[in-house]
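# Coordinates in review
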Amino acid sequence: MAGRRGNPFRPSFGVTPRVLAGRDDVIDDFDIALDEGPGSPMRTILVSGARGMGKTVVLNELEDRARGRGWLVLRLPEGGRLVSELEGVILPSLLAEHDPEAVRRRLTGGSVGGLGSVSTETVERFPVTESLASMLARLAGIAGGHGTGLLLTLDEVQAAPAEDLAHLASAYQHLVRDEHEVALVAAGLPVGVNALLEQRGTTFLRRAERIHLRALTDAEVAEAAVETVREAKRVISPEATERLVQIAHGYPYLLQLVGYHAWRAAGDDEVITLADVEQTVPTVVERMGRLVHAPALLKVPEGQLAYLRAMAQDDGPSSTGEIAQRLGVTKGHQNMQRTRLLERELITPTGHGYVDYALPYLREHIRRQHGHDGPDADGPA
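Throughout what follows, the structure given in this document is the object of discussion.

### Some points on the pairing of strand β6 (residues 182-188)
Burial within β6 is extensive, with 7 of its 7 residues counted as buried. Strand direction decides the pairing type here: strand β1 (residues 44-48) and β6, joined by 5 bridges, are parallel. Paired with S48 across the two strands is G188, which belongs to β6. Taken together, the 5 bridges between strand β5 (residues 150-154) and β6 define a ladder with parallel strand orientation. Along β6, the bridge assignment pairs L151 with A183.

Right, dumping it as structure tokens:
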């Protein structure tokens, strides 16, 4: 037996995996955009996708590509203080660090030689009262003067105040119009991105390239799993790989989670087996419920939650007509709740008059939370 080695899988949200699966097209297009210069459409990107689809990982990778070209990367603050933190702290600090004229001295009195004595006073060129637009323009100009550019990135876009996003969009539009070497990548849940584009002042961002992260194909999941294990000097059996693909459902987060716990289950063995992968299922269902489903359902209105609970009575796709009967509502009311849940990407159509859960193991989570009878949640196909 070999000694225990470090686990190569990384099932933490926002942490870039050792083998990045299925996002090559986005990354390659962004690489080209940075080289093409101002005006390239892929310099302004809005990335959307469900939790666990790897939005933050894509942001990380695009940031790395920009840094590799010497670009300055500005990670915008998340949440309710986007503009105030930029104007009051982040941009003044960056300008003080990168602008050679950030601090200047002026003559205040005295003389030099025949002129008499002098004294100097340090004057901050960029006080906190300077505008967001002017400070961003100066920072972009400094980067351009060094032959590079400025990349702005914003994660969890749905958490930012609408007025702050409008302010940011306006400042960025001026940078683009002035042909600065700049790029902007924002990421968020689909509902959040759509809400952003409906706000006044964000019209410019509606012309951004929309990237909706899809589920990985079975082949992409299998290739990433095998390559991750191979790079760590182990082997995963074909049967184990096939089962890992089934459990992961194309979700990058689940690929890392299943791989991580299968690696641990193998102990010091050289080969990860089907039994090792099978042991991961209870942990996968519990972690998805706690870290993905619970946050996804947190702000869902009661009427839509009732719809999801009604679906949990089925072992597969649910008839929309039967859901209306279970809820005791009209077909029109059922259609309204269905539309809202489709927009939230919590359900997906599976045929005429049928819907199913869009997130893996959401059925199991709802059954556990609300006591519905159903097949063993620890044995998903």
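We are not done yet, so read on.
### Structural notes on the packing of aromatic side chains
Applying the stated criterion across every chain yields a total of 0 aromatic pairs. Geometry around W263 places R234 over its ring, the cationic atom sitting 4.1 Å from the centre.

### Details of the packing of helix α8 (residues 238-248) against helix α9 (residues 252-265)
The relative placement of two packed helices comes down to the angle between their axes together with the axis-to-axis distance. The geometry of α8 relative to α9 is characterised by a closest axis approach of 9 Å and an angle of 135 degrees between their N-to-C directions. Considering their axes alone, α8 and α9 lie oblique with respect to each other. Seen from above, α8 lies across α9 with right-handed handedness. Of the residues in α9, those touching α8 at L244, I247 and A248 are L254, L255, V258 and G259. A breakdown of the residues in the contact of α8 with α9 according to their chemical character gives 6 nonpolar, 1 polar and no charged.

### Overview of the nonpolar core
With 73 residues, the main nonpolar core has L254 and L308 as its most contacted residues. Excluding anything up to four places from it in sequence, L254 contacts I247, A248, G259, V284, M288, P360 and Y361. Listed in part, the 36 residues of the second largest apolar core include L74, M135, L196 and L205.

### Quick notes on empty space enclosed by the protein
Counting across every chain of the model gives 1 cavity of 30 Å³ or more. By volume, the largest cavity is sized at about 60 Å³. Looking at the largest cavity, the residues that line it are L46, L154, V157, L165, L168, A169, L184, A186, L196 and L205. Listed by contribution, the elements that provide at least two residues to the lining of the largest cavity are α5 (162-177) and β6. Looking at the lining of the largest cavity, the element that brings in the most residues is α5, giving 3 residues. For the lining of the largest cavity, a count of residues per class yields 10 nonpolar, no polar and no charged.

### What to know about the sheet that holds strand β2 (residues 72-75)
Strand order in this open sheet of 5 strands is β2-β5-β6-β1-β7, and the pairing throughout is parallel. Single-partner strands in this sheet number two, and they are β2 and β7 (209-212). The mean angle between the axes of side-by-side strands here comes to 15 degrees, regardless of whether they run parallel or antiparallel. Those strands touched by helix α1 (residues 24-36) are β1, β5, β6 and β7, and its axis lies near 155 degrees from that of β6. Across the sheet, helix α3 (residues 82-98) lies against β2 and β5, angled at about 155 degrees from β2, the strand it touches most.

### A look at a negative patch on the surface
Judged by side-chain charge, D24, D25, D28, D29 and E223 come together as a negatively charged surface patch. Of the residues forming the negative patch, the biggest block, 4 residues, is contributed by α1.

### A few points about the layout of surface pockets
There is about 560 Å³ of room inside the largest pocket. Looking at the largest pocket, it is lined by 24 residues, and the ones nearest its centre are R51, Q158, L189, V191 and G192. When contributions to the lining of the largest pocket are tallied by element, the ones reaching two or more residues are α5, α6 (190-198) and α11 (281-297). With 5 residues, the top contributor of residues to the lining of the largest pocket is α6. Of the residues that constitute the lining of the largest pocket, the class distribution is 16 nonpolar, 3 polar and 5 charged.

### Notes on unusual backbone geometry
Its identity as a non-glycine residue notwithstanding, H249 has a phi of 55 degrees, on the positive side. Its place among the elements puts H249 in the loop between α8 and α9. Looking at H249, the relative accessible area reads 37%, which means it is partly exposed. For E345, which is not glycine, the phi dihedral falls at a positive 60 degrees. Within the secondary structure layout, E345 lies in the loop between α14 (331-343) and β11 (347-351). Judged by relative accessible area, which is 23%, E345 ranks as partly exposed.

### Focus: the pattern of salt bridges
A side chain of one charge can pair with a side chain of the opposite charge if their charged atoms are brought near each other. Counted according to the given criterion, the structure contains 18 salt bridges. R81 is paired through a salt bridge with E85; the nearest N and O atoms lie 3.7 Å apart. Residue class for E85 comes out partly exposed when judged on its relative accessible area of 28%. Within this structure, D31, D35, E61, R65 and R69 form a network of salt bridges that share partners.

Cut-offs applied
- Residues numbered from 1 in each chain as written.
- Predicted model: local features only at pLDDT ≥ 70, side-chain atom pairs only at ≥ 80, totals over all residues.
- Heavy atoms only, no water.
- Buried < 20%, exposed > 50% of the residue type's maximum accessible area, 1.4 Å probe, protein only.
- Helix = DSSP H or I, 4+ residues; strand = E, 2+ residues; numbered from the N terminus.
- Pairing = 2+ DSSP bridges.
- Phe/Tyr/Trp six-rings, centres within 6.5 Å; stacked < 30°, edge-to-face > 60°.
- Lys NZ or Arg CZ within 6 Å of the ring centre and 35° of its normal.
- Axes fitted to C-alpha atoms, helices over the stretch in contact; angles between N-to-C directions.
- Parallel < 35°, antiparallel > 145°, perpendicular 65-115°, else oblique.
- Left-handed = near helix turned anticlockwise from the far one by under 90°.
- Contact = heavy atoms within 4.5 Å.
- Nonpolar A, V, L, I, M, F, W, Y, C, P; charged D, E, K, R; others polar.
- Core = buried A, V, L, I, M, F, W, Y, C linked by side-chain atoms within 4.5 Å.
- 1 Å grid on protein atoms, 1.4 Å probe; cavity = no way out; pocket = protein on both sides within 12 Å on 5 of 7 lines; lining within 4 Å.
- Points joined across faces, edges and corners; volume = space filled by probe spheres on them.
- Patch = residues over 30% accessible without salt bridge, like charges linked within 9 Å, V, L, I, M, F, W, Y side chains within 5 Å.
- Areas by Shrake-Rupley, 256 points an atom, 1.4 Å probe, with all protein chains shown as cover.
- Salt bridge = Lys/Arg side-chain N within 4 Å of Asp/Glu carboxyl O.
- Lys, Arg positive; Asp, Glu negative; His and termini not counted.
- Charge placed at Lys NZ, Arg CZ, Asp CG, Glu CD.

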